Amino acid sequence: MANTRKKTRVAAMGDIHVRVSDRGKWRECFQAVSEQADILLLCGDLTDTGQETEAQVLAEELSACSIPVVGVLGNHDYERDQQEAIVEVLVKNHMHLLDGESIIIHGVGFAGVKGFGGGFDRYMMPMFGETMNKQFVQESVNEALRLDQALVRLESGEETEIKKIAVLHYAPIKETVVGEPEEIFPFLGSSHLAEPLNRRQVTAAFHGHAHMGTLQGKTSEGIPVFNVAKAILKKAGYHLPFFIYEV
Ligand SMILES: [Fe+2]
Ligand SMILES: [Fe+2]
């Protein structure tokens, strides 16, 4: 029997780093994305310096967006310790911010966490030595566990299996940070984040953070991973910095 299920067009972009002076700058992009996609994903670093006032500008710009917006915070959004106020402003303006949560929109499941660093594959930081080092690794493990739990919640209670998309800020694989200096790879993401992607067989994962990384990669189990940092999409020739993926 032919598959008559309509595809959902997911637009993704990361690292838009909105500043107070950006008022008016994003409206054209958000209008265009609403015409070309069904859902917009924002993969963290929503604000440039983590100020509530920057989030207010983003919220105003997002009023030009008529499709659901799902996102996660990035490390920049934590810079001034105003992350809770940032979340409040954006949620009040109809954005779905995921921090260990999941949501189903148009029959597609989205699970999101910010993620954390820790490095990749055989060079991942080990849980060893000073307490501070262990805390760093633990944060990375915790974020992966929270992603796993958010994905599991999408699996339970559904009669037919829904397609799952992971929304992250930090990278789950090395391949999509290649292009950045190797010395900073441990601060760009962690292989811990790839484990739930493989285990829960997600359809695709989107992240940002590594502005000079690589657009596409795959986990060890072949799950597609996209680094949609604005700078990468611009460099790849996208006039408006969003990447469209059909689910
Ligand atoms: Fe960024
Ligand atoms: Fe970042």
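Residues numbered from 1 in each chain as written. Chains lettered and ligands numbered in written order. Predicted model: local features only at pLDDT ≥ 70, side-chain atom pairs only at ≥ 80, totals over all residues. Heavy atoms only, no water.

Trainee: Describe the coordination of the iron ion (ligand 1), with residues and values.
Mentor: Here the iron ion (ligand 1) is held by Asp15 (OD), His17 (NE2), Asp45 (OD) and His211 (NE2), and the distances to it run 2.0 to 2.2 Å. Bound by four donor atoms, the iron ion (ligand 1) shows angles of 88 to 169° at the metal and therefore irregular coordination geometry. Mapping the donors of the iron ion (ligand 1) onto the primary sequence yields the spacing D-x1-H-x27-D-x165-H. (Donors = N, O, S within 2.8 Å, 3.2 Å for Na, K, Ca; no water. Tetrahedral: all angles 85-135°; square planar, octahedral: opposite > 155°, others 65-115°.)

Trainee: Could you give me a rundown of the state of the cysteines, with the residues and numbers involved?
Mentor: Scanning the entire structure with this criterion turns up zero disulfides. A disulfide-free cysteine, Cys65 has its sulfur positioned 8.8 Å from the sulfur of Cys29, the nearest such atom. (Disulfide = S-S within 2.5 Å.)

Trainee: Describe in detail the sheet that holds strand β10 (residues 224–227), supporting the description with residues and values.
Mentor: The mixed open sheet is built from six strands, whose spatial order is β5-β6-β7-β8-β10-β9. Of all strands in the sheet, those with a lone pairing partner are β5 (101–105) and β9 (216–218), marking the two edges. Put simply, the sheet's adjacent strands are angled 25° from each other on average, direction ignored. In terms of strand pairing, strand β7 (residues 163–167) meets strand β8 (residues 204–207) through three bridges, oriented parallel. (Pairing = 2+ DSSP bridges. Helix = DSSP H or I, 4+ residues; strand = E, 2+ residues; numbered from the N terminus. Axes fitted to C-alpha atoms, helices over the stretch in contact; angles between N-to-C directions.)

Trainee: I'd like a rundown of the sheet that holds strand β4 (residues 95–97), residues and numbers included.
Mentor: Across a sheet, paired strands are connected by hydrogen bonds in the backbone, their directions being either parallel or antiparallel. Here five strands make up an open sheet; going across it, the order is β4-β3-β2-β1-β11 and the pairing mixed. Among the strands making up the open sheet, the edge pair consists of β4 and β11 (243–246). On average, adjacent strands in this sheet sit at an angle of 25° to one another, irrespective of strand direction. As paired elements, strand β2 (residues 39–43) and strand β3 (residues 69–72) share four bridges and run parallel to each other. Among the inter-strand pairings, Leu40 is bridged to a residue of β3, identified as Val69.

Trainee: Before we move on, could you go through the pairing of strand β1 (residues 9–13) and cite the residues and values that matter?
Mentor: Counting buried positions along β1 gives four out of five residues, so the element sits mostly inside the fold. Strand direction decides the pairing type here: β1 and β11, joined by four bridges, are antiparallel. Looking across to β11, one finds that Ala11 is bridged to Ile244. The sheet contact formed by β1 and β2 spans four bridges and is parallel. Within β2, the position partnered with Ala12 by the bridge is Leu41. In this fold, β1 hands off to helix α1 (residues 27–36), which returns the chain to β2; that crossover is right-handed. (Buried < 20%, exposed > 50% of the residue type's maximum accessible area, 1.4 Å probe, protein only. Right-handed = clockwise from strand over helix to strand, strands pointing away.)

Trainee: Any details on the coordination of the iron ion (ligand 2)? Residues and values, ideally.
Mentor: Coordination of the iron ion (ligand 2) by the protein involves Asp45 (OD), Asn75 (OD1), His169 (NE2) and His209 (ND1), with metal-donor separations of 2.1 to 2.3 Å. Given four donor atoms and angles of 90 to 157° at the metal, the environment of the iron ion (ligand 2) is assigned as irregular. The distance between the iron ion (ligand 2) and the iron ion (ligand 1) comes to 3.5 Å, and Asp45 binds to both of them. Here His169 lies in the loop between β7 and α5 (194–199) and Asn75 lies in the loop between β3 and α3 (83–92), a separation of 94 residues in the sequence. According to the relative accessible area criterion, Asn75 is partly exposed, its value standing at 28%.

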